[in-house]
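Examination of the molecular architecture
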Amino acid sequence: MTSPTLLDRSLAAVWHPCTQMKQHEHLPLLPIVRGEGPWLIDERGRRLLDGISSWWTNLFGHCNPRINAALREQLETLDHAMLAGFTHEPVVALSERLSALTGQRLGHAFYASDGASATEIALKMSAHYWRNRGKPEKNRYVSLAGGYHGETVGALAVTDVAIFRDAYAPLLRQAATVPSPDARLTAPGESAVEVAVRAAASLEEWLDRHHRHTAALIVEPLVQGASGMVMYDPEYLRLARRLCTRFEVHLIADEIAVGCGRTGTFFASEQAIAAAQDWPDFICLSKGISGGYLPLSLVLSTDEVYAAFYHDDTRRAFLHSHSYTGNPLACRAALATLDIFAEDDVLSANRIRSRLLAKGATARWGDHPSVRNLRQQGMILAFDVEGAAPDFAQRFFAAALDAGVLLRPIGNTVYFMPPYVVEAAQIDHMLDGADAALAAALD
Ligand SMILES: *Cc1c(COP(=O)(O)O)cnc(C)c1O
């Protein structure tokens, strides 16, 4: 009798995320045994270039020697300690470093473990802020069409992606949605800036009517990731910031996907910031902040928000907690990640990588008859495929694996979001693999 494979054991015992498990009757799971820089290595020794940074988390490659060394040292010092009533160097140092990255504008960091929890925290903090300020009726939210902020019940309520939301709609206190500034929505002769101005006018109209009951606007700055790498002009963020200030509504920047240098600046929001008052009231980070190593998320907020909770009355405090809040190992991985940003001048090096990506993509698909809306924002490049069959994404994924590349289209949108260690030859390998997969999936 042969013993069951890892694949059989996984299908029997593990319920995989975001997956119709029955599809694995014909689509095999891929056992990954090792990671090495931008490569994942499967059971058969096949090397796959991680073109989507393992769900947008991995920034500096797998098993990065510097992050590994920091974690080894932390393992020998302090694994975990609760953060209520206690503190430790990694969580303090990380909070100080993040505050500095906002020019001390968002100087208070609250920690959790996953992105959806960061969204929940920002939403709760915002409503509780207004309650503490004597405006408890400001407890509703507004978000953008096609926005994604996580899949817990609170986060789903501000998420506008039907496939994630529909089955749970009866459980949600659904937020309002206003039009997305999606740059693809330009009318003939119109620019992306004009689309942004038009979307901001809709937001203004909405806020004018509903601001009295609205706590916050939540946005993914510059790129709406999960709904298909929808990109928009920073002018929208500038206008939305001004409107939020005018109507006394918080601006929550969900930088879980776009933060940590992904769009070319450390925070995507920075591209719309000229002065201190232009910063959002809250910034959510997760995914890349720990280098893709350990679950870590956080919400940064301002002195003004913090002050509204600072009081003799316990009930005015932010009484929210997770068991692993501020986990020292995760914070240490994040500190090692920020060290690499500083030591290697990563944002500059990424400008060269971004140009290589753009050049390679334009050469391959600039005139491709099925490729539409080739677009880029820093280390994210995407295009839409016209005339794609309903099973396009699955077929593309499988064909890309055959070509040695991990890529997972969202519907008919193909995107690249590689770790910040890819070299020119690896970018070529990734784009060649995509080109082969595109031909196979359109066949
Ligand atoms: C991934 C993501 C989340 C949710 O993070 P999880 O860790 O998956 O809960 C929230 N917002 C954005 C913009 C994301 O991309």
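Relevant structure appears above.
For the structure given in this document, a descriptive report is provided here. Being a predicted model, the structure only gives us computed values, none of them experimental.

Reading the values: the criteria
Residues numbered from 1 in each chain as written. Predicted model: local features only at pLDDT ≥ 70, side-chain atom pairs only at ≥ 80, totals over all residues. Heavy atoms only, no water. Helix = DSSP H or I, 4+ residues; strand = E, 2+ residues; numbered from the N terminus. Rg over C-alpha atoms; globule rule 2.2 N^0.38 Å. Buried < 20%, exposed > 50% of the residue type's maximum accessible area, 1.4 Å probe, protein only. Contact = heavy atoms within 4.5 Å. Areas by Shrake-Rupley, 256 points an atom, 1.4 Å probe, with all protein chains shown as cover. Pairing = 2+ DSSP bridges. Core = buried A, V, L, I, M, F, W, Y, C linked by side-chain atoms within 4.5 Å. Domains from an automatic or database assignment. Near = heavy atom within 4 Å. Polar contact = N/O pair within 3.5 Å; in protein donor to acceptor, adjacent residues only side chain to side chain. Nonpolar A, V, L, I, M, F, W, Y, C, P; charged D, E, K, R; others polar. Expected span 1.5 Å × (residues − 1). Salt bridge = Lys/Arg side-chain N within 4 Å of Asp/Glu carboxyl O. Axes fitted to C-alpha atoms, helices over the stretch in contact; angles between N-to-C directions.

Along the backbone of the chain there are 14 helices and 16 strands. Relative to the globule expectation of 22 Å for 443 residues, the C-alpha radius of gyration of the chain, 22 Å, shows essentially globular dimensions. Across its three principal directions, the C-alpha atoms of the chain cover 65 × 60 × 45 Å. Across the 443 residues of the chain, 52% fall into the buried class. In the chain, once contacts between residues fewer than 6 apart in sequence are set aside, the share between residues at least 24 apart is 71%. Split by element, the accessible area of the chain, about 20,000 Å² in all, is 54% carbon and sulfur.

Ordered by their spatial adjacency, 4 strands build an open sheet running S1-S2-S3-S15, and the pairing between neighbours is mixed. Looking along the sheet, the strands with just one partner apiece sit at the ends: strand S1 (32-36) and strand S15 (405-406).

Nonpolar side chains in soluble globular proteins generally cluster together in the buried interior. In terms of nonpolar packing, the biggest core is built from 107 residues, with Tyr-236, Phe-396 and Phe-416 touching the most fellow members. Counting the residues that make up this core, at least three belong to each of domain 1 (6-28 + 346-442) and domain 2 (69-344). For Phe-416, the contacting residues outside a window of four places in its chain are Gly-51, Trp-365, Met-379, Ile-380, Leu-381, Phe-383, Leu-407, Met-430, Leu-431 and Ala-434. Ranked by size, the runner-up nonpolar core spans 25 residues in total, among them Tyr-129, Ala-175, Phe-282 and Val-305.

Near the ligand you find Trp-56, Asp-114, Gly-115, Ala-116, Tyr-148, His-149, Gly-150, Glu-220, Asp-254, Ile-256, Ala-257 and Lys-287, and these make up its full shell. A distance of 2.8 Å is found between an oxygen atom of the ligand and a backbone nitrogen or oxygen belonging to Ala-116. Protein contact buries 82% of the 380 Å² of open area that the ligand shows by itself. Of the residues belonging to the shell around the ligand, the class tally is 5 nonpolar, 3 polar and 4 charged.

A separate point is the pairing of strand S10 (residues 250-254). The element S10 is largely enclosed, with a buried count of 5 among its 5 residues. Where burial is concerned, the two faces of S10 agree: the one with His-250, Ile-252 and Asp-254 and the one with Leu-251 and Ala-253 are both buried. Bridge count between strand S7 (residues 214-219) and S10: 4 bridges; the pairing is parallel. In the sheet register, Leu-217 faces S10, and the bridge partner there is Leu-251. Here 3 bridges tie S10 to strand S11 (residues 282-285), and the two strands are oriented parallel to one another. In the strand pairing of S11, Asp-254 is matched with Cys-284.

It is worth spelling out helix H5 (residues 115-132) at this point. Since the α-helix turns once every 3.6 residues, residues separated by three or four places project in the same direction. Taking 1.5 Å per residue as the helical rise, H5 with its 18 residues ought to reach 26 Å, and the 25 Å between its terminal C-alpha atoms agrees with that figure. In terms of burial, H5 is largely enclosed, as 16 of its 18 residues are buried. Two or three places before Ala-116, at the opening of H5, Asp-114 has a side-chain oxygen 3.3 Å from that residue's backbone nitrogen. With its phi angle positive at about 85°, Gly-134 sits one or two positions after the end of H5.

With that settled, consider the pattern of salt bridges. All chains considered together, the criterion is met by 22 salt bridges. Residue Lys-22 is joined to Glu-25 by a salt bridge in which the shortest nitrogen-to-oxygen separation is 3.5 Å. Neither residue differs from the other here; Lys-22 and Glu-25 are each classed as exposed. In this structure, the salt-bridge partner of Asp-432 is Arg-364, at a minimum N-O distance of 2.9 Å.

Another point: the sheet that holds strand S5 (residues 140-144). Either a parallel or an antiparallel arrangement is found when strands of a sheet pair, and the pairing is made through backbone hydrogen bonds. Spatially, S4-S12-S11-S10-S7-S5-S6 is the arrangement adopted by the 7 strands of the open sheet, whose pairing is mixed. Edge strands, defined here as strands with exactly one partner in the open sheet, are strand S4 (108-112) and strand S6 (176-178). Geometrically, the sheet is characterised by an average inter-axis angle of 25° between neighbouring strands, direction not taken into account. Across 3 bridges, S5 lies against S6 in parallel orientation. By the bridge assignment for S6, Val-142 is matched with Ala-176. Together, S4, S11 and strand S12 (297-301) form the strand contacts of helix H4 (residues 89-101), whose direction differs from that of S4 by roughly 125°.

Everything listed here is a matter of coordinates, which is why it stays silent on function.
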